[in-house]
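Remarks on the overall topology
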Amino acid sequence: MLCLTLTGKDCTESISQYIQHKTSVQMVELRVDLLKCINKGQIQKLTEAISIPKILTCRRVRDGGSYFGSERARARLLNSLLDLGFSYIDIEEDVKRPDLEKTAHEYNVKIIRSFHDLEGVPKDLFTKIVKLRRRGDVAKVAVTPKSINDVLLLFKVKHELREIEDKVVIGMGDYGIPTRILYKLTGSLFTFCSPDGTPAASGHLSPEIMHGLYHADSVNDDTGIYGIIGNPVMHTSSPKIHNPAFRRIGLNAIYVPFLVDDVRGFFQLAELLSIKGFSVTVPHKQQVLPYLGKISREVKLIGSCNTVVRYNNLWKGMNTDFYGFLKPIQEELDAQRIRKAVVIGAGGAARSVVWALRNYYCKVVILNRTIEKAKKLALETGSEWGGLTDIDKMDHADLIVQTTSAGMPPLENVNPIETYQFSGRELVFDLVYKPKNTLFLEKAKLAGCKLIYGMDMLVAQGVLQFEAFTGFTYPQDL
Ligand code: NAP
């Protein structure tokens, strides 16, 4: 079940939030600590207006909530609301209020015994869950993973504590996002989300994302798990490429972002969850190489891998950036209209771009802020090199490709070749896709150049990844 945490400052706003999202969620949580003024009459109106199961919670500041009052006052408050038709009440691990528990049971309200750790994951997590379940009808732990190995531990709960059915395991923060989306694979009964723009806890996603994009509530033991690993990774647009396509072709599969600090830990998680394939982004494109049993020609050439698929019990590495980059300029290449190309930058993306262009025998000049890096890539690929001020080396370029992170926040006001004057006849390609228009592209547009956007490459490489993952053609109408 998806549980919507109501974050309205009053009950009227919370009811509107429920009405807006009622087709996406199966449960709500009323956090009375978030209400500006607690009025039993208003809360009764809310419980009457919402017919699905409701959790009553009053979260303390130390557990990530907003309640400042005394423990005695909090227990009194919760006690006074138990006759309003709630299905569950959340009572924290340390609270010893037999009277509150007794009233809850009198009104048939189940007790969720919860534990919160805003700093990390306790070493005795499994024991804690067992103890919580003994003292309540549902055991709930909301902890803060600080690495992919912590996330691995949270996913192990399902198997290790399979005899405890009534539990909720939540990883907060960015590392925890996969535990929220794939909550059923942690063995959880339900997971939480909150209305867009008002997350009630760190890492809460909106119902539009949890249900609309991921269909988190439809995951089952047969769901094929795919994802993307990176650091950072939460800005990625790739879930929007893959998840709608899985649904369009009727494939029971999901694609989830994993924040990964340690590639080895992720490969262990990939085994545990039987992950079928994943995309790789900065800074792991080289770090995955030692774990691959098979690599494509492009990975061998470029020395970097952005796509990994399970293939006959081996991990096979591919590089769809290589072909994703070529796709938007294929016609020009086939017509041999690109004889000389200038590549700005010499990082990971530039490696794919330069190798792809050299495969078409284009003459390539690499200009980079750190000249040594440009020289190294140039020597590997048979190209020329220079610094960002060597604009004389750009003369007669048919194609200019911007591959640096300049143009992307926080460098949105940087044009790496500020002094270059476009002639207007160059084809100009910027790999940055957020924002769509960079200073570099705007200057090229003013000169009358034909532009190619980073999003075109992102989509092209994503489509190829989808085909590598599933074996199916990407749905054309998407
Ligand atoms: P990377 O390996 O970290 O390389 C970064 C490059 O940017 C290096 O050449 C670096 O120069 C240069 N750079 C950084 N800050 C600069 C500045 N202030 N001025 C001038 N140059 C600067 O990163 P990457 O993986 O190559 O990614 C680079 C960009 O490509 C990112 O924006 C990424 O989103 C984009 N990308 C897009 C796609 C797509 O599908 N559209 C695919 C892959 C990558 P130094 O060597 O001097 O540090």
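Residues numbered from 1 in each chain as written. Predicted model: local features only at pLDDT ≥ 70, side-chain atom pairs only at ≥ 80, totals over all residues. Heavy atoms only, no water.

**Concerning the sheet that holds strand β7 (residues 167–171)**
Spatial strand order, β7-β6-β5-β4-β3-β2-β1-β8: 8 strands in an open sheet with parallel pairing. Both edges of this open sheet fall to β7 and β8 (191–193), since each of them pairs with a single strand only. The sheet shows a mean angle of 25° between the axes of neighbouring strands, taken without regard to direction. Bridge count between strand β2 (residues 27–31) and strand β3 (residues 54–57): 4 bridges; the pairing is parallel. Bridge pairing links L30 to L56 in β3. (Pairing = 2+ DSSP bridges. Helix = DSSP H or I, 4+ residues; strand = E, 2+ residues; numbered from the N terminus. Axes fitted to C-alpha atoms, helices over the stretch in contact; angles between N-to-C directions.)

**Digging into the pairing of strand β4 (residues 88–92)**
Burial analysis of β4 places 5 of its 5 residues in the buried class, the great majority of the element. Neither face of β4 is left uncovered, since the one carrying Y88, D90 and E92 and the one carrying I89 and I91 both have all their residues buried. In this structure, β3 lies alongside β4, joined through 2 bridges in parallel fashion. Note on β4: the bridge partner recorded for L56 is I89. (Buried < 20%, exposed > 50% of the residue type's maximum accessible area, 1.4 Å probe, protein only.)

**Some words on the nonpolar core**
Of all hydrophobic cores here, the largest spans 85 residues; its most connected members are I89, L182, F258 and F266. It is strand β10 (residues 253–259) that provides the largest number of residues to this core, a total of 6 residues. Here this core spans two domains, and each of domain 1 (2–219) and domain 2 (236–320) adds at least three residues to it. Contact partners of F266, with chain neighbours within four places excluded, come to I148, I229, F258, V260, I275 and F278. Judged by nonpolar contacts, the second largest core, of 29 residues, contains V343, V354, A356 and L377. (Core = buried A, V, L, I, M, F, W, Y, C linked by side-chain atoms within 4.5 Å. Domains from an automatic or database assignment. Contact = heavy atoms within 4.5 Å.)

**A closer look at the site of the ligand**
The environment of the ligand is formed by 23 residues, the closest being G348, A349, N368, T370 and L431. A distance of 2.5 Å separates an oxygen atom of the ligand from a polar atom in the side chain of T370. Within the contact set of the ligand, an oxygen atom lies 3.3 Å away from a backbone nitrogen or oxygen of S405. In isolation the ligand offers 930 Å² of accessible surface; the protein chains occlude 82% of this area. Those elements giving two or more residues to the shell around the ligand turn out to be α14 (348–359) and α17 (454–470). Ranked by the residues each element gives to the shell around the ligand, the list is headed by α17, at 3 residues. (Near = heavy atom within 4 Å. Polar contact = N/O pair within 3.5 Å; in protein donor to acceptor, adjacent residues only side chain to side chain. Areas by Shrake-Rupley, 256 points an atom, 1.4 Å probe, with all protein chains shown as cover.)

**Quick notes on the side chain of R351**
Of note, R351 is situated in helix α14. Those residues in contact with R351 that sit more than four places away from it in its chain are L301, I302, L377 and E380.

**Focus on the environment of A270**
Following the sequence through the fold, A270 ends up in helix α10 (residues 263–272). Sequence spacing of A270 and Y107 is 163 residues, and the spatial spacing of their C-alpha atoms is 44 Å. Ignoring sequence-local partners within four residues, the contact set of A270 consists of I275, R310 and W315.

**A closer look at the side chain of R74**
Summarising the element assignment, R74 is placed in helix α3 (residues 71–81). Reaching out from R74, the side chain makes a polar contact with the side chain of E71 at a distance of 2.9 Å. When neighbours within four sequence positions are excluded, R74 is seen to be in contact with C58, R60, Y67, E92 and V95.

**What to know about the pairing of β7**
Among the 5 residues that make up β7, 5 are buried, leaving the element largely enclosed by the rest of the structure. Across the two faces of β7 the burial is the same, with K167, V169 and G171 and V168 and I170 all buried. Across 5 bridges, the pairing between strand β6 (residues 138–143) and β7 is parallel. Looking at the pairing, A142 lines up with I170 of β7. A crossover links β6 with its parallel partner β7, the connecting element being helix α6 (residues 148–160), and its sense is right-handed. (Right-handed = clockwise from strand over helix to strand, strands pointing away.)

**Quick look at the packing of aromatic side chains**
For any pair of aromatic rings, the description rests on two quantities: the centre-to-centre distance and the angle between the ring planes. Following the criterion strictly, the structure yields 18 aromatic pairs and no others. When the ring of Y226 is compared with that of F246, the centres are 5.3 Å apart and the planes differ by 35°; the resulting orientation is tilted. With Y226 in strand β9 (residues 224–230) and F246 in helix α9 (residues 238–248), this residue pair connects regions lying 20 residues apart in the sequence. Look at Y226 and you get buried, because its relative accessible area is 4%. Seen in terms of ring centroids, Y420 and F422 are 5.1 Å apart; in terms of plane orientation they differ by 85°. Their pairing is edge-to-face. Each member of the pair, Y420 together with F422, is buried. Ring pairing ties together the aromatic residues Y226, F246, Y255, F466, F469 and Y474, which thus form one cluster. Positioned over the ring face of F115 is K128, at 4.5 Å from the centre of the ring. Cation over ring: K436 sits above Y453, and NZ or CZ is 4.5 Å from the ring centre. (Phe/Tyr/Trp six-rings, centres within 6.5 Å; stacked < 30°, edge-to-face > 60°. Lys NZ or Arg CZ within 6 Å of the ring centre and 35° of its normal.)

**Let's talk about the domain arrangement of the protein**
By a frequent convention, interface size equals the accessible area lost on bringing the separate parts together. On domain assignment, one finds that the protein holds domain 1 (2–219), domain 2 (236–320) and domain 3 (324–459). For domain 1 and domain 2, the distance between their C-alpha centroids amounts to 32 Å. Listed per partner, the contact involves 20 residues of domain 1 and 20 residues of domain 2. In terms of surface lost to domain 2, no three residues of domain 1 exceed I148, L213 and Y214, which account for 34% of the buried area on that side. Inspection of the region where domain 1 meets domain 2 yields 0 salt bridges. Summed over the shared surface of domain 1 and domain 2, the number is 5 residue pairs in polar contact (both at pLDDT 80 or more). (Buried area = accessible area lost by both parts, 1.4 Å probe. Salt bridge = Lys/Arg side-chain N within 4 Å of Asp/Glu carboxyl O.)

**Regarding unusual backbone geometry**
In this structure, the amide linkage connecting V282 to the following residue, P283, adopts the cis form with an omega of 5°. Examined against the element boundaries, P283 turns out to sit in the loop between β11 (277–280) and β12 (294–295). One non-glycine residue, N108, lies in positive phi territory at about 65°. Considering the arrangement of structural elements, one finds N108 in the loop between α4 (98–106) and β5 (110–116). Backbone geometry places Y361, a non-glycine residue, at a positive phi of 60°.

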